[in-house]
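Spelled out, the chains give:
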Amino acid sequence: MNPRCAKRYRFPSTALAVFLTQGVSFAQETNANPSIEFSSLIINFGFIALVSLGVYVLVLTIKWLWHSYQEAKEVHAHEAEIEHGAMDPSLNRRSFLSLLGWAWVAFTAASLGAVSGVVRFLFPNVTFEPPLKFAAGFPNTYAIGVDERFKSSHRVWVVREATGFYVLSTICTHLGCTPNWLQAEQKFKCPCHGSGYYITGINFEGPAPRPLERFNITLADDGQIQIDQSIKYQYELGQWGLPGSYLNYKG
Ligand code: FES
């Protein structure tokens, strides 16, 4: 390859090498850490591609301006002609080629942007929800009252009373905030708009339109409490009396 061409392609080939290296490193990172969302990596990848192209275009622009300046000095003898619109033919050809290069870079950048957008839709955000059905431990590990051990992980309270258990959702029925259990006042209180619920889950103050929901609770064969959040019971629909909404237990 002639040295002039080699010089011209040095930057793009370096940028391409960096781009590919980043790609390989992202791929390795995804393999090493499965919790990293692949879609995020794709977006980062596309972003790096666009930034690389942006830098490339910037460098091309600076080089083009510099060369134009140099050539303008060289064609000082034809200045009068240039002022009257009669450009040096070689300068015209060069400008045209530069313009073509620009158009190609802009087209590539736009295509890459569009492709990143499409790929982004192919890999939607994946949220890793805990299983809806889970073992909640042995009944004798619960004291009478509200147990918050699954509040963060599964968004439920397990309530034990003298005759058995029930499970309450921690989602406020007003706008979905998470109420707090106030032991001294024996109530759930939502910090967002002040809704209050009795320990049973029935709402009694604030804007909440209905009681908290309950979830299915049974005793598994191994003696552990089993909670299934795919089955819910709503008080206002008369479902709190259905089998599975309450676990009778007097151990
Ligand atoms: S979200 Fe709980 S009171 Fe509004």
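Our subject is the structure that appears above.
Residues numbered from 1 in each chain as written. Predicted model: local features only at pLDDT ≥ 70, side-chain atom pairs only at ≥ 80, totals over all residues.

(A) Molecular detail of the overall build of the protein chain. Looking only at helices and strands, the protein chain features five helices and 11 strands. Within the protein chain, the proportion of its 251 residues that are buried is 15%. Counted over contacts in the protein chain with a minimum sequence separation of 6, partners at least 24 positions apart contribute 48%. (Helix = DSSP H or I, 4+ residues; strand = E, 2+ residues; numbered from the N terminus. Buried ≥ 20, exposed ≤ 12 C-beta atoms within 10 Å, placed from the backbone. Contact = placed C-beta atoms within 7 Å.)

(B) A look at the sheet that holds strand 7 (residues 196–198). One open sheet accounts for four strands, arranged 5-6-7-8; its pairing is antiparallel. Looking at strand neighbours, the two that pair on one side only are strand 5 (180–182) and strand 8 (203–205), the edges of this open sheet. If you compare each strand with its neighbour and ignore which way they point, the axes differ by 35 degrees on average. Inspection of the sheet shows strand 6 (residues 187–189) paired to strand 7 by three bridges, in the antiparallel sense. By the bridge assignment, F188 is partnered in strand 7 with Y197. (Pairing = 2+ DSSP bridges. Axes fitted to C-alpha atoms, helices over the stretch in contact; angles between N-to-C directions.)

(C) Examining the pairing of strand 4 (residues 164–169) more closely. Counting buried residues in strand 4 gives five out of six residues, a clear majority hidden from the surface. With six bridges joining them, strand 3 (residues 156–161) and strand 4 adopt antiparallel strand pairing. Residue V159 lies in a different strand from strand 4, and its bridge partner there is Y166.

(D) The arrangement of the nonpolar core in detail. In terms of nonpolar packing, the biggest core is built from 18 residues, with V156, V158, F165, V167, L168, I217 and I227 touching the most fellow members. Elements represented by at least two residues in this core include exactly strand 3, strand 4, strand 9 (214–219) and strand 10 (225–233). Those residues in contact with F165 that lie beyond four places of it in its chain are V158, V159, R160, I217, I225, L247 and Y249. (Core = buried A, V, L, I, M, F, W, Y, C linked by C-beta atoms within 7 Å.)

(E) Representation of unusual backbone geometry. Unusually for a residue other than glycine, R155 sits at a positive phi of about 60 degrees. Judged by the 15 C-beta atoms lying within 10 Å of it, R155 is partly exposed. Phi is positive for Q186, which is not a glycine, with a value near 50 degrees. Considering the arrangement of structural elements, one finds Q186 in the loop between strand 5 and strand 6. On the basis of neighbour counts, which here come to 11 C-beta atoms within 10 Å, the residue Q186 falls in the exposed class.

(F) Looking closely at the environment of S195. Mapped onto the fold, S195 is located in the loop between strand 6 and strand 7. Once the C-alpha coordinates of S195 and H174 are considered, the two residues, 21 residues apart in sequence, prove to be 7.8 Å apart. S195 has contacts with C172, H174, C190, N203, E205, G206, P207 and A208, leaving out every residue within four places of it along the chain.

(G) Spotlight on the environment of Q226. Looking at the element boundaries, Q226 is found in strand 10. For the pair formed by Q226 and L247, sequence separation is 21 residues and the distance between their alpha carbons is 10.0 Å. With residues near it in sequence (within four places) discarded, Q226 still touches K133, A135, A136, T218 and A220.

(H) Here's a closer look at the pairing of strand 10. Sheet topology places strand 1 (residues 133–135) next to strand 10; three bridges connect them, and they run antiparallel. Pairing of F134 across the sheet is with I227, part of strand 10. The pairing of strand 9 with strand 10 spans six bridges and is classified as antiparallel. Across the sheet, residue I217 finds its bridge partner in strand 10, namely I227. Linkage of strand 9 to strand 10, two consecutive antiparallel strands, is achieved through a turn of five residues, within which G223 is found at a positive phi near 90 degrees.

(I) Up close: the environment of P139. Mapped onto the elements of the fold, P139 is located in the loop between strand 1 and strand 2 (145–147). Expressed as a C-alpha distance, the spacing of P139 and Q224, which sit 85 residues apart in the sequence, is 6.7 Å.

Fair warning: the whole summary comes from geometry, so function is off the table for now.
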